[in-house]
Structures are given as C-alpha cells and as structure tokens.
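A look at the structure
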Amino acid sequence: MLGKPLYLAVAGASVVSGFNIPNFGQWAVDSGVALAGLNSVAVLNALTNAKGTCNIGNVKVRQEWRTLSVVQRKNFIAATNCLTTKASALASGVAPGAHSLFDDFTYVHMQSTNFIHMTGNFLTWHRYFIHIYEKELQKCGYNGNLPYWEWGYDVNSPRDSPVFDGSDTSLGSDGAAISHAGLILNLPTGLTISFPPGTGGGCVNQGPFSNLTISLGPVVLPEYGSPNVTFNPNGHLNNPRCLKRDLNPWVAQQWTTFRNTTELILQSSNIFEFNTELSGDPRGTTNPMGVHGGGHFTIGGDPGADPFIASNDPAFWLHHAQIDRVYWIWQNLDFQNRQGVNGTNTFLDQPPSPATTVEDLLDLGHLAPPIKIKDVMNTVGGPLCYIYI
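Residues numbered from 1 in each chain as written. Predicted model: local features only at pLDDT ≥ 70, side-chain atom pairs only at ≥ 80, totals over all residues. Heavy atoms only, no water.

1. Remarks on the environment of R325
Relative to the assigned elements, R325 resides in helix α12 (residues 315–332). In this structure R325 comes out as buried when scored by relative accessible area, which is 5%. Spatially, the C-alpha atom of R325 lies 9.8 Å from that of W149, the residues being 176 residues apart in sequence. Excluding residues that lie within four positions of it along the chain, R325 makes contacts with L35, N39, Y148, E150 and Y388. (Helix = DSSP H or I, 4+ residues; strand = E, 2+ residues; numbered from the N terminus. Buried < 20%, exposed > 50% of the residue type's maximum accessible area, 1.4 Å probe, protein only. Contact = heavy atoms within 4.5 Å.)

Rendered as structure tokens:
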C-alpha cells in the first residue's frame, strides 16, 4: 500500500520538497504507481519554477509513447521519415556515411561520444541534444512533443511493447529472430558481464523503419558470443546496411524495471550519486549498467548496441527522453539543491580533464549554437519550456 494516497502528495501545497515525499510501499514501487506519484510531485514543483516566457499556459508536455493517439504516433513516424529524407548539412566529404539530417545527429553524437558519457555534462548534453532533435521533428510537420519510452511497462516482453510490436503505430519490430549467442562485454573498468541472447538479432522486418538504411559505423559494436568488438576507426564512412534489433527482456528485467528507476530517484541524494548510478559509472556504483546502459542493451542490435551510433535507431530518442524524464523528476524533487554537475569533460576522466562546471558550453557542432549548462538546468526557463506527464 502507498504511505498515503497519491493525490495527497500534490494537493494542498505549493511545493513538495525532497523532504516530504510520500512513503511508498513495495507494491507501489514495483507496479510503477510510486514513479507516477513522483512524476506528479515533479510537475507541481516544476511549474512553480517557470521563468521568462514559459508558463502553465504554454508549457509543452512530453508523454509516454502509448498515451499518444494513433494520429500523434503516425505524425511522429512521418516526421522521423522526413528527417531521413532531408539532406545532410555537413560539408561535402566530412562524413560520406551521413546522407540526411537524421544521420547528422548521429555523426555529432559519434564525434562527441568520449566527451559526453561518464562525464559531468552527460545529462545536460543529451537534454540539449534531444531538445534540438524535437525542434527538427516539428519543422518536419510533427505537431507534438518528443515522447518517451517508460521501460518499466515492457520489461517482460519488449517485443510486445507498443514501441516495438511492428504495428503501423510502432517504431518497427524486433529484429528477425536468428540463432545467436548472447553478448559478453568487457567494460572499461575491467569488469566482464554476459547477457543471454535477445529475441531478435536480425533486420527489423515489420512496421515503420523496416526499410531504414544505416550508413554510419559501426564504431565499437559488440560481437555475439565473444568479448570482441567490431572496431572501426572510420565510422564516418559509408557502410549501408539494415537496421537490426535484438530486444532483450533479461537485460530489461535487470536494469530498467520500475523499481530500478524509482530507487535511483529516491536513493540519490546528490548529482554524483544520481549520475554514477544512472550511468553505471564504477567511480560511484557497483551497478555495471544503470538504467542508461540497460535501456540501450534492451534495444541492442546495430546500431543500438554501439554507444557511438545508437542514435541512428529511432528508438534512441524515446529512450533518451526517458533518461531526461528521470533526471527531471529527480531534479524537481529538490530543485534548488539539484542545479549542479559533477565530473570532468572526458570519459571516466581519461585522459584527465578539467572539472565540469555549469558555465561550460554544450556543443552540438553544426546542429545548434552552443549553450551553457546552467541554461538547460531548468526545463521551464531559458530556452526550454516542457514538463513530463
């Protein structure tokens, strides 16, 4: 049972702080009720922090994929397809594998990977990244806001999720089922973890994006049944192939349950604890994946299992909207004390680099002007104006 009804968590108060969060019971944590309650608290708190031109009348609302109407989902799919037909804005010869604006986002992510993961700017860089992607979708006729994928609903069977069921309102199916071994990952920390195989492994062959061509990468793609990776220092070159997925319920059940997400939010008292636990950063946790890696390897395949080019799978954007949602909830449970960063500007501080500060710039290359980290800390102030429900 809940410690008290959810509506009492948000009714009768202007701000609900990190110190009077409802005392959720075990059922509420495991079922997602607790996470929904925390989201409700975050909405109330966020709206009290609206600044500038952002207000309750114009704030954008990001929703979970399955709560969108059929029309909205088809509109999102059409806008994504539009991005795959818009010409790349890169100078000729810079990246022969980048044929479209959709590919340009992956090129920027690929070039930035070692400076935006296991770093102090990881959460805010990706927040700005998906914000600019959302704006490009809207230029392509999308009349909604970037949806997110709540992993917790789908941990038992990702392939049956409305995100991946292969219907015309999904992001396409699992990959074709092929016989294959699982993954054996040698993590940068020296730890090795093994996964059983997922339920696909081959090309996405049903629904939207079953005809999507991936041309960038791979860069560091794990090989099935081996600790080896397909390493390619020329990931910018043209390498056309199908979109593959290997949806993996075992991975999802380990790292992306409602409990995983709820405990991450409630048990992280500062940005160091939150960022390291979310990312599986060994400098702050023994958790080798976190919800971030767990979501990526639930999708798997090519490009999904390659951290450099994962954004070439349209599902990446819903996964990272969920990452941003979790960060947003955590921030808004104690907003004034959760405006900082922790870490440096290189992957696991290798090579050693200066400490990240909120004055540092988030650089998306040719996609958008650079912006200071402090300017994207508040999603209802500055250039941002959105909440999650």
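Having put the structure on the table, let's press on.
2. Let's talk about α12
Here α12 spans 26 Å end to end across 18 residues, near enough to the 26 Å set by a 1.5 Å rise per residue. Burial runs high along α12: 18 of the 18 residues are buried. (Expected span 1.5 Å × (residues − 1).)

3. Digging into the side chain of N39
Relative to the elements of secondary structure, N39 occurs in helix α3 (residues 33–48). Within the structure, the side chain of N39 is placed 2.8 Å from the side chain of R325, a separation counted as a polar contact. (Polar contact = N/O pair within 3.5 Å; in protein donor to acceptor, adjacent residues only side chain to side chain.)

4. Brief notes about the packing of α3 against helix α8 (residues 258–267)
The contact between α3 and α8 brings their axes to 9 Å, and the two run at 40°. Accordingly, the angle class assigned to the pair α3 and α8 is oblique. For the element pair α3 and α8, the recorded crossing hand is left-handed. Between α3, through A34, L35 and L38, and α8, the contact on the second element is made entirely by F258, T261, T262, I265 and L266. Of the residues assigned to the contact of α3 with α8, the class counts are 6 nonpolar, 2 polar and no charged. (Axes fitted to C-alpha atoms, helices over the stretch in contact; angles between N-to-C directions. Parallel < 35°, antiparallel > 145°, perpendicular 65-115°, else oblique. Left-handed = near helix turned anticlockwise from the far one by under 90°. Nonpolar A, V, L, I, M, F, W, Y, C, P; charged D, E, K, R; others polar.)

5. Quick word on the environment of S31
With respect to the helices and strands, S31 occurs in helix α2 (residues 26–31). Note on S31: relative accessible area 28%, which makes it partly exposed. Spatially, the C-alpha atom of S31 lies 20 Å from that of H319, the residues being 288 residues apart in sequence. Within the structure, S31 has its side chain in polar contact with the backbone nitrogen of V33 (distance 3.3 Å).

6. Digging into the packing of aromatic side chains
On inspection of all chains with the given rule, the structure shows 22 aromatic pairs. Both rings, one in F105 and one in W317, keep their centres 5.6 Å apart while their planes meet at 90°; by these two values the pair is edge-to-face. Here the residue F105 occupies a position in helix α5 (residues 101–112), and W317 occupies one in helix α12, the gap between them amounting to 212 residues. By relative accessible area, W317 is classed as buried at 0%. When the ring of Y386 is compared with that of Y388, the centres are 5.6 Å apart and the planes differ by 90°; the resulting orientation is edge-to-face. Accessibility assignment for this pair places Y386 and Y388 in one class, buried. (Phe/Tyr/Trp six-rings, centres within 6.5 Å; stacked < 30°, edge-to-face > 60°.)

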